[in-house]
Structure formats: C-alpha cells, structure tokens
Amino acid sequence: RVSTQSTGVMGWNGEVQTAREYYPDAEYLVIARDRHQSVPSWAKLVGLLAEDFTAYNYVDLRGEARDEFIRLTGEGYHQTVEFCRSIPPERIKIIKFDEFFKDIWGHMKEIYQYFGWDMTPDFGRFLACLLYTSPSPRDRT
C-alpha cells in the first residue's frame with residue numbers, strides 16, 4: 001500500500017518483477033488487457049515514440065520485425081500473468097481493461113477505496129472534468 005504522500009510505482013509487463021523486489025509488501029493494481037488487443041496498442045505506442053526521432057508516427061511491422069514484436073509482447077504478457085499468480089490474492093486487485101473503460105468513475109472510486117485513499121473533492125472535480133470534457137480515453141489506446 002503506497003500512501004498518497006509517497007511516489008507511486010508504475011510498471012508494465014516484465015517491469016512488475018522489479019517493483020516486487022523493491023516493494024515486497026506492496027499491494028498491487030493490475031488493469032488486465034486481452035493479449036490480442038495489446039499488440040496493436042503497443043504498435044501504436046511504438047509509432048508515437050518513433051515520431052520523436054523520425055517525425056513519422058509509423059513503424060513498419062512486417063515480416064521478422066512483426067514476428068519479433070508479437071513475441072516480445074507475448075513474453076511481457078506471460079510475465080505479467082506469472083507475476084499476478086505469485087501475489088497473494090489479498091494483495092492484488094485486478095480490473096479488466098474493457099470493464100475499466102465502461103465505468104472509469106466507478107472504478108477510480110473502487111481503486112481509491114481499495115488502497116484506503118481519500119478521493120478529495122479537488123481530484124473528484126478534476127476527474128469529472130477529464131471524463132466529461134475530453135474525447136473517450138478508450139479511443140487513445
């Protein structure tokens with residue numbers, strides 16, 4: 001459990017193992033996504049990163065590059081699954097990715113409650129503003 005006054009810890013795929021080494025008694029939140037949906041999302045992220053270097057938001061993932069990209073994404077997915085299995089159930093909260101986006105407000109309240117955090121009025125207003133004035137966050141994944 002990370003207090004609201006400490007720095008949060010975030011990681012994905014294989015990096016969660018490192019978090020467990022540094023924070024052995026932590027409680028975890030995992031937003032789990034279907035592995036087949038992850039590949040296009042990671043490809044989009046790689047394209048955004050490539051744009052910083054090449055000015056093009058495009059990565060050509062064909063042939064061997066595609067196969068290696070899918071292999072690495074799958075490897076990260078399996079590392080995350082093994083990580084989740086290794087954590088006692090009372091120390092991990094898993095929310096399905098698609099379910100999270102169906103009710104972001106409700107899940108954020110649930111997450112705050114799980115960690116024992118207070119959702120301050122300021123944060124509640126910020127989240128409401130973000131949710132109701134921005135394009136769907138789901139569209140950006």
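This text goes with the structure placed above it.
Residues numbered from 1 in each chain as written. Predicted model: local features only at pLDDT ≥ 70, side-chain atom pairs only at ≥ 80, totals over all residues. Heavy atoms only, no water.

(A) Focus on the pattern of salt bridges. Within this structure, the stated rule accounts for six salt bridges. The shortest N-O distance in the salt bridge between glutamate 110 and lysine 93 comes to 2.6 Å. A residue pair is termed long-range when its members are at least 10 positions apart, and glutamate 110 in helix H5 (residues 104-115) and lysine 93 in strand S2 (residues 92-96) qualify at 17 residues. A salt bridge links arginine 125 to aspartate 122; the shortest N-O distance between them is 2.4 Å. Here the residue arginine 125 and the residue aspartate 122 both occupy positions in helix H6 (residues 121-133), the gap between them amounting to three residues, near one helical turn. When sorted by exposure, arginine 125 lands in the same class as aspartate 122, which is exposed. Bridged by salt links that share partners, the residues Glu68, Arg71 and Glu75 form one connected network. (Salt bridge = Lys/Arg side-chain N within 4 Å of Asp/Glu carboxyl O. Helix = DSSP H or I, 4+ residues; strand = E, 2+ residues; numbered from the N terminus. Buried < 20%, exposed > 50% of the residue type's maximum accessible area, 1.4 Å probe, protein only.)

(B) Structural view of the side chain of arginine 91. Along the chain, the position of arginine 91 falls in the loop between helix H3 (63-86) and S2. The side chain of arginine 91 sits in the buried core without any salt bridge; aspartate 25 is the nearest counter-charge, 5.3 Å away. Of the polar contacts made by the side chain of arginine 91, one reaches the backbone oxygen of proline 24; its length is 2.7 Å. (Lys, Arg positive; Asp, Glu negative; His and termini not counted. Polar contact = N/O pair within 3.5 Å; in protein donor to acceptor, adjacent residues only side chain to side chain.)

(C) Expanded view of H3. For H3, with 24 residues, the first-to-last C-alpha span of 35 Å sits near the 34 Å given by 1.5 Å per residue. Those residues of H3 that fall on the buried side of the exposure criterion are Phe69, Thr73, Gly74, Gly76, Thr80, Phe83 and Cys84. (Expected span 1.5 Å × (residues − 1).)

(D) The nonpolar core, seen in detail. Counting residues in hydrophobic clusters, the biggest one holds ten residues: Ile95, Phe100, Ile104, Met108, Ile111, Tyr112, Tyr114, Phe115, Leu127 and Leu131. Those elements that place two or more of their residues in this core are H5 and H6. Here this core gets six residues from one element, more than from any other, and that element is H5. Ignoring sequence-local partners within four residues, the contact set of isoleucine 111 consists of Leu29, Ile95 and Phe100. Counting nine residues, the second-largest nonpolar core is a separate cluster that includes Val16, Val30, Cys84 and Ile87. (Core = buried A, V, L, I, M, F, W, Y, C linked by side-chain atoms within 4.5 Å. Contact = heavy atoms within 4.5 Å.)

(E) Region of interest: the environment of glutamate 90. Tracing the chain through its elements places glutamate 90 in the loop between H3 and S2. On the basis of relative accessible area, glutamate 90 is assigned to the exposed category, the value being 56%. In this structure, the C-alpha to C-alpha distance between glutamate 90 and tyrosine 28, residues 62 residues apart in sequence, is 9.5 Å. Apart from the residues lying within four places of it in its own chain, the contact partners of glutamate 90 are Glu27 and Tyr114.

(F) Looking closely at the packing of aromatic side chains. As enumerated under the stated definition, the model contains eight aromatic pairs in all. A centroid spacing of 5.3 Å and a plane angle of 20° characterise the contact between tyrosine 112 and phenylalanine 123, whose relative ring orientation is stacked. Of this pair, tyrosine 112 sits in helix H5 while phenylalanine 123 sits in helix H6; the two residues are eleven residues apart in sequence, bridging distant segments of the chain. Assessed through its relative accessible area of 15%, tyrosine 112 is described here as buried. Among the residues examined, phenylalanine 123 registers a relative accessible area of 24% and is labelled partly exposed. Judged by centre distance (4.9 Å) and plane angle (20°), the ring pair of phenylalanine 115 and tryptophan 117 falls under stacked. Site record: aromatic cluster; members linked through ring pairs are Tyr112, Tyr114, Phe115, Trp117, Phe123 and Phe126. When the ring centre of phenylalanine 97 is taken as reference, the NZ or CZ atom of arginine 33 above it lies at 4.0 Å. (Phe/Tyr/Trp six-rings, centres within 6.5 Å; stacked < 30°, edge-to-face > 60°. Lys NZ or Arg CZ within 6 Å of the ring centre and 35° of its normal.)

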